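Now for the letters of each chain:
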Amino acid sequence: MISINKKLIALDLDGTTLNNNSQLSDLTIKTLNTAVQAGHVVSIVTGRPNRISEQFYDQLGLKSPMINFNGNLGILPHEKWPLEYEYNVDKDIVAELLSKKSELGIKLIAIEGRDLFMANRGATIDMGFFPTILKAGQQLTHQNLQDHHNPISITVAVEPEAMVTMTSYVETNFGDQVSISPWGGKYSIVEIAAKGVQKATGVKILSDYYGISQADIIAIGDEHNDTTMIDYAGLGVAMKNAIPSIQKAANVITKYTNEEDGVAKFLNHQLDLQIAE
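Residues numbered from 1 in each chain as written. Predicted model: local features only at pLDDT ≥ 70, side-chain atom pairs only at ≥ 80, totals over all residues. Heavy atoms only, no water.

Considerations on the pattern of salt bridges
Applying the stated criterion across every chain yields a total of nine salt bridges. In this structure, Glu84 and Lys80 form a salt bridge, with 3.6 Å as the shortest nitrogen-oxygen distance. Overall, the relative accessible area of 27% leaves Glu84 in the partly exposed class. Across the pair Lys204 and Asp208 runs a salt bridge, and its minimum N-O distance is 2.9 Å. Linking Lys204 with Asp208, this pair stays in helix α7 (residues 199-210), spanning four residues, or about one helical turn. The partly exposed category is assigned to Lys204, whose relative accessible area is 39%. Bridged by salt links that share partners, the residues Asp12, Lys199 and Asp226 form one connected network. (Salt bridge = Lys/Arg side-chain N within 4 Å of Asp/Glu carboxyl O. Buried < 20%, exposed > 50% of the residue type's maximum accessible area, 1.4 Å probe, protein only. Helix = DSSP H or I, 4+ residues; strand = E, 2+ residues; numbered from the N terminus.)

Written out as structure tokens, the structure is:
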């Protein structure tokens, strides 16, 4: 049997593994399945919550742990994982933002956990990722906030002109507890999560779990929230469509975008999977 140099492949979803319609292509599925069959570990490492990423995990037929909320949640979907973890944010911060939402120009506040989603209102159709109509029990109020555990993340959508005011307020009052990360793209949305926790946090836990050295980690991404795992990996890979700072931080840039099966084509050649493209 030919031995391989086992790699941990840490994959961002949006703008990276998924195309612009948030879909996995047939070539991407085939390539990642072949990589797993060859003995490599493929793990999703995403800013998405588990509620809107497990569908891709299942579509790929993965059995490895998944990292969500930019490193703040590590789970093995559908099973118990001994190293399962989560980092939380004090719900008193949520209460404070709810109280000052008009003053700070906040349009929407959503809180999430592994089995939690609540928002102060339904999202507008063009915002994405959140339901436009809230189900029973999903309405976020001061009263029902107290009935739940501390969330993993707080997502805040603000009026564009209020972004600086809102982020400055959070930094000033809670900067010792949380980090603020912009979503990027056209939306005036930030995610508030536990301070110092990043995608690299989850990637390190995965590499230790599998006994894979840092040098044998391949991390692929396209946005600000991918910076730490690209820096941490032995081979940091930026998508051709990645923002300039990610391309500058990476060791290599893919020849193709996420719309052109960039992840699949890169891994096919990097790992010598010999898949017809």
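Focus: the environment of Ala276
Structurally, Ala276 can be placed in the segment after α10 (262-270). Taking the C-alpha atoms as reference, Ala276 lies 9.1 Å from Leu27; in sequence the two are 249 residues apart.

Description of the pairing of strand β11 (residues 217-221)
The buried fraction of β11 is high, at five of five residues. By the alternation rule, side chains of β11 split into Ile217, Ala219 and Gly221 and Ile218 and Ile220, which are all buried. As paired strands, strand β1 (residues 8-11) and β11 are joined by four bridges and run parallel to one another. Within the sheet, the bridge partner assigned to Ala10 lies in β11 and is Ala219. Bridging between β11 and strand β12 (residues 235-238) involves four bridges; their strand directions are parallel. Bridge pairing in β12 places Ile218 opposite Leu235. Between the parallel pair β11 and β12, the chain is carried across by helix α8 (residues 227-232), and the sense of this crossover is right-handed. (Pairing = 2+ DSSP bridges. Right-handed = clockwise from strand over helix to strand, strands pointing away.)

Structural notes on the environment of Phe56
Within the element layout of this structure, Phe56 appears in helix α3 (residues 54-60). Judged by relative accessible area, Phe56 falls into the buried class, the value being 4%. For the pair Phe56 and Leu13, spaced 43 residues apart in sequence, the C-alpha separation works out to 8.8 Å. Leave out the neighbours within four places in its chain, and Phe56 touches Leu13, Leu18, Ser22, Leu24, Ile44 and Arg48. (Contact = heavy atoms within 4.5 Å.)

Digging into the nonpolar core
Grouped together as the largest cluster of nonpolar side chains are 55 residues, with contacts concentrated most on Ile44, Val203, Ile220 and Leu267. When sequence neighbours within four positions are dropped, the list of residues in contact with Ile44 reads Leu11, Leu13, Ser53, Phe56, Tyr57, Leu60, Leu62, Met66 and Ile67. Leu97, Leu98, Leu140 and Met166 belong to the second-largest nonpolar core, a separate cluster that totals 26 residues. (Core = buried A, V, L, I, M, F, W, Y, C linked by side-chain atoms within 4.5 Å.)

Some thoughts on the packing of helix α2 (residues 26-37) against α10
As a packed pair, α2 and α10 sit with axes 8 Å apart at the nearest point and diverge in direction by 35°. Between α2 and α10 lies a crossing whose hand is left-handed. Residues Leu27, Thr28, Thr31 and Leu32 of α2 form the contact with α10, whose own contacting residues are Ala264, Lys265, Leu267 and Asn268. (Axes fitted to C-alpha atoms, helices over the stretch in contact; angles between N-to-C directions. Left-handed = near helix turned anticlockwise from the far one by under 90°.)

Examining the sheet that holds strand β3 (residues 66-68)
An order of β3-β4-β5 is seen for the three strands of this open sheet, with the pairing classed as antiparallel. With one partner strand each, in any of the chains shown, β3 and β5 (85-86) form the two edges of the open sheet. One ladder, built from two bridges, connects strand β4 (residues 73-75) with β5; its direction is antiparallel. By the bridge assignment, Gly74 is partnered in β5 with Tyr85.

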